[in-house]
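Given next are the chains, with one letter for each unit.
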Amino acid sequence: METRHAEHGCLFIIGGDEGGKARKRLLSRFVDLAGGSDKRFLLIDAASENPQKMARPYHEALDELGVREHRSLAVCCRADANDPDIAAQAAEADGILMTGGDQKRLLAAIGGTALDRAIHAALKERGACVAGTSAGASAMSGHMLAGGHVDLSPERGAVTLAAGLGLVQQVVIDQHFAQRQRLNRLLSVIAQNPWLQGAGIDENTALVVERGVGIEVVGEGSVTLVDGKDVISDIADIREGCTPQMLGVRLHLLPAGSCFMLPDAPAPRRISGDARQAPEVLSEFIHHLVKRNPIS
């Protein structure tokens, strides 16, 4: 089996929307990270109630980018996701993109299946680039946002988590972040689970995570990182729906163009930009994102 860049598989985590020219710009970077237009690309559209309609604009953009081999996996149920032929296609892909829809639908279809394991193998054994947008982005977390809406301030019990695909651990991913004003939703997660950290990704924006190397933000918006490991909160003592006191929360804003490497980052690397060593205040957070977890 080919082992190109086996040390440095990439995640390309998109905050959703990708309207108009933004989709092509972001997918162009995804194609580059996966090795170029002559590589093999797969779309997983199982998060959508209308998968063909959801996948069509992505296939059109890939055509425009000169990608010769791209197809959608026909995954409607867990039996499909456990089909050896479907799993083999994912394991051998260079670029895998999970589209939007409902992350609970996606996990119900593929979580814990042969396809799930094949996605991990493609990333961690072959160095593939695995992308997700909107629901596909949230599904990448080990602890996945499953639902909840928060308006004016964080609330106890307002947000629910579920098991995700575990491509990143200890980091909860939210999307459409600035556009849907989701900071309070992410703070609600951190108040109840301070050992987790949060990453909120704006629309038309992607967080690039190169395993063992570093991170980069590309696109039109920003990535907001919420670090609650030192938080002091009264969340356990208040009623459902009440706002917790939260002291010591750290918030980092990384606009497009931000690029940070770990101190011992190996070469060659696939992330670009004006990279610099991650400052101490960010290094632990970045480590959670880029660490090489065992295949689950």
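Below, the structure is looked at part by part. (Residues numbered from 1 in each chain as written. Predicted model: local features only at pLDDT ≥ 70, side-chain atom pairs only at ≥ 80, totals over all residues. Heavy atoms only, no water.)

## Some remarks on a nonpolar patch on the surface
Link 1 in the chain: On the surface, L183, L251 and L253 cluster together into a nonpolar patch covering about 270 Å² of accessible area.
Link 2 in the chain: Relative accessible area serves as the criterion here: at 55%, L253 is assigned to the exposed category. (Patch = residues over 30% accessible without salt bridge, like charges linked within 9 Å, V, L, I, M, F, W, Y side chains within 5 Å. Areas by Shrake-Rupley, 256 points an atom, 1.4 Å probe, with all protein chains shown as cover. Salt bridge = Lys/Arg side-chain N within 4 Å of Asp/Glu carboxyl O. Buried < 20%, exposed > 50% of the residue type's maximum accessible area, 1.4 Å probe, protein only.)

## Comments concerning the packing of helix α1 (residues 21-33) against helix α2 (residues 51-64)
Link 1 in the chain: For the pair α1 and α2, the least separation of the axes is 10 Å and the interaxial angle reads 65°. The pairing of α1 with α2 is recorded here as roughly perpendicular in orientation. Pair α1 / α2 crosses with right-handed handedness. On the side of α1, the interface is formed by R23, K24, L27 and V31, while α2 contributes P57, Y58, A61, L62 and E64.
Link 2 in the chain: Counted by class, the contact of α1 with α2 contains 6 nonpolar, no polar and 3 charged residues. (Axes fitted to C-alpha atoms, helices over the stretch in contact; angles between N-to-C directions. Helix = DSSP H or I, 4+ residues; strand = E, 2+ residues; numbered from the N terminus. Parallel < 35°, antiparallel > 145°, perpendicular 65-115°, else oblique. Left-handed = near helix turned anticlockwise from the far one by under 90°. Contact = heavy atoms within 4.5 Å. Nonpolar A, V, L, I, M, F, W, Y, C, P; charged D, E, K, R; others polar.)

## Some details on the environment of E240
Link 1 in the chain: Looking at where E240 falls in the secondary structure, it is placed in the loop between β13 (232-233) and β14 (246-247).
Link 2 in the chain: As a C-alpha pair, E240 and A158 span 82 residues in sequence and 7.9 Å in three-dimensional space.
Link 3 in the chain: At 3.4 Å, the side chain of E240 forms a polar contact with the side chain of R156. (Polar contact = N/O pair within 3.5 Å; in protein donor to acceptor, adjacent residues only side chain to side chain.)

## Quick notes on the environment of A61
Link 1 in the chain: Note that A61 resides in helix α2.
Link 2 in the chain: With 36 residues separating them along the chain, A61 and R25 place their C-alpha atoms 9.3 Å apart.
Link 3 in the chain: The residues touching A61, leaving out its near neighbours within four places in the chain, are R23 and L27.

## Here we look at the pattern of salt bridges
Link 1 in the chain: Summed over all chains, the structure comprises 12 salt bridges.
Link 2 in the chain: Close ionic contact of R105 with E49 constitutes a salt bridge, the shortest N to O distance being 3.1 Å. Here R105 is found in helix α5 (residues 103-110), whereas its partner E49 is found in the loop between β2 (40-44) and α2, with 56 residues between them in sequence.
Link 3 in the chain: Since its relative accessible area comes to 71%, E49 is described here as exposed.
Link 4 in the chain: Two residues, D102 and K104, come together in a salt bridge whose shortest N-O distance is 3.3 Å.

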